[in-house]
Amino acid sequence: MAKNAMAGLDRILTLELVRVTERAAVAAARLRGRGDEMAADQVAVDAMRSELNRLPIRGTVVIGEGERDEAPMLYIGEEVGTGDGPKVDIALDPLEGTTICAKNLPNSLAVIAIAEKGSLLYAPDVYMEKIAVGPGYPAGVVDIDAPAIENIESLARAKGVPVSEVTACILDRPRHARLIEEVRGTGAAIRLIGDGDVAGVIHATNPDETGIDIYLGIGGAPEGVLAAAALRCIGGQMQGRLQLNTEEKVVRAAKMGISDPAKVYRIEEMAKGDVLFAATGVTDGNLLAGVKFGRDSIQTHTIVMRSSSKTVREIKARHQDLEKF
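Below or above, wherever it landed, is the structure these notes cover. These numbers were taken from a predicted model, which means no experiment stands behind them. (Residues numbered from 1 in each chain as written. Predicted model: local features only at pLDDT ≥ 70, side-chain atom pairs only at ≥ 80, totals over all residues. Heavy atoms only, no water.)

### Examining helix H9 (residues 247-255)
- Within H9, the full set of buried residues consists of Lys249, Arg252 and Ala253. Along H9, the residues classed as buried sweep out an arc of 100° about the axis, all on the same side. Turned more than 90 degrees off the buried face of H9, the exposed positions are Glu247 and Lys255.
- Within two residues after H9, Gly257 carries a phi angle of roughly 90°, on the positive side. (Buried < 20%, exposed > 50% of the residue type's maximum accessible area, 1.4 Å probe, protein only. Helix = DSSP H or I, 4+ residues; strand = E, 2+ residues; numbered from the N terminus. Arc of directions from axis to C-beta.)

### Side note on helix H5 (residues 177-185)
- Of all the positions in H5, only Leu179, Ile180 and Val183 are classed as buried. Across the axial projection of H5, the buried residues extend over an arc of 100°, all falling on one side. Exposed side of H5, more than 90 degrees from the buried face: Arg178, Glu181 and Gly185 are the residues found there.
- Elements in contact with the buried residues of H5: helix H4 (148-159), strand E6 (167-171), strand E7 (189-193) and strand E8 (214-220).
- Trailing H5 by a residue or two, Gly187 shows a phi angle of about 100°, which is positive. (Contact = heavy atoms within 4.5 Å.)

### Considerations on the side chain of Gln239
- Here Gln239 shows up in strand E9 (residues 237-242).
- Polar side-chain contacts of Gln239 include one of 3.3 Å to the backbone oxygen of Val142.
- Not counting residues up to four positions away in its chain, the partners in contact with Gln239 are Glu129, Lys130, Ile131, Val142, Asp143, Ile144, Val264, Tyr265, Arg266 and Met270. (Polar contact = N/O pair within 3.5 Å; in protein donor to acceptor, adjacent residues only side chain to side chain.)

### A short note on the sheet that holds strand E10 (residues 265-266)
- With mixed pairing, six strands are arranged side by side in an open sheet as E7-E6-E8-E5-E9-E10. Two strands in the sheet have a free side with no partner beyond their single neighbour: E7 and E10.
- Bridge count for strand E5 (residues 127-133) against E8 is seven bridges, and the pairing is antiparallel. Along E8, the bridge assignment pairs Glu129 with Ile218.
- Against the sheet, helix H8 (residues 221-234) contacts E5, E8 and E9, and its axis sits at roughly 25° relative to E5. (Pairing = 2+ DSSP bridges. Axes fitted to C-alpha atoms, helices over the stretch in contact; angles between N-to-C directions.)

As structure tokens, then:
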């Protein structure tokens with residue numbers, strides 16, 4: 001990308017990108033604990049879309065709320081931004097963890113990643129098998145095609161600890177019953193999460209703080225690309241494979257340029273080039289604090305990262321102009 005286009009990404013890096021996730025997080029947080037997943041998701045989508053259209057970019061949503069026929073806003077292929085500035089790919093989840101938000105449980109986030117045009121995996125809204133670990137391990141320490149026992153044992157050796165000191169994060173779903181049994185059979189511990197596997201993957205990058213060493217299992221492909229974008233900034237290893245298990249899904253994927261349904265995507269294939277990532281907490285969690293509503297202000301907690309500089313910034317903001325929300 002040309003030098004002046006890269007300058008556009010520089011401007012987005014700080015407050016402009018943060019404002020996008022802040023706006024979505026505050027909108028969703030107003031509906032925390034109300035039990036209405038669809039309403040919380042919709043207000044987050046509307047807020048994020050409004051803020052995105054203020055940015056000086058020519059953006060294309062490559063990972064969004066769904067495909068065009070299924071999502072009225074922020075669908076895959078939607079154009080956003082003012083139409084000025086650099087061409088960029090956008091992956092987003094205005095409310096990562098809709099069930100979490102509806103139940104007011106930990107680790108619901110508003111998330112976005114922006115990269116140079118053609119840099120983010122353009123994939124249908126399907127499931128993805130994933131495996132991820134944090135930085136500091138030799139290349140190939142885990143492999144999506146290896147049995148769970150081999151990955152857990154390999155990670156324990158690389159970490160220099162017994163298997164019993166390894167903890168895996170897995171979505172609590174019936175489809176993972178066998179995986180959970182295999183992991184527990186190794187002697188490793190499991191942290192089951194009800195939703196929010198972007199946060200789950202990111203948690204594996206800082207086991208000293210979160211207690212999570214590895215992420216395993218099948219979750220959403222959009223969340224997989226967003227997690228890969230975050231890992232490009234923080235460091236770590238990740239592999240993903242789309243679950244194209246019906247002819248209809250294979251055809252949908254082919255229309256998006258995916259010719260090999262069984263392909264294993266490395267982290268650099270899901271999010272390459274210069275990547276920006278931002279997430280704002282909706283509910284309190286291990287990674288970020290949730291939105292706090294005061295009488296005269298609103299507080300938000302955001303993390304914003306860039307792959308080219310490996311810079312990770314935390315922004316704790318107190319918003320006193322409540323009308324902007």
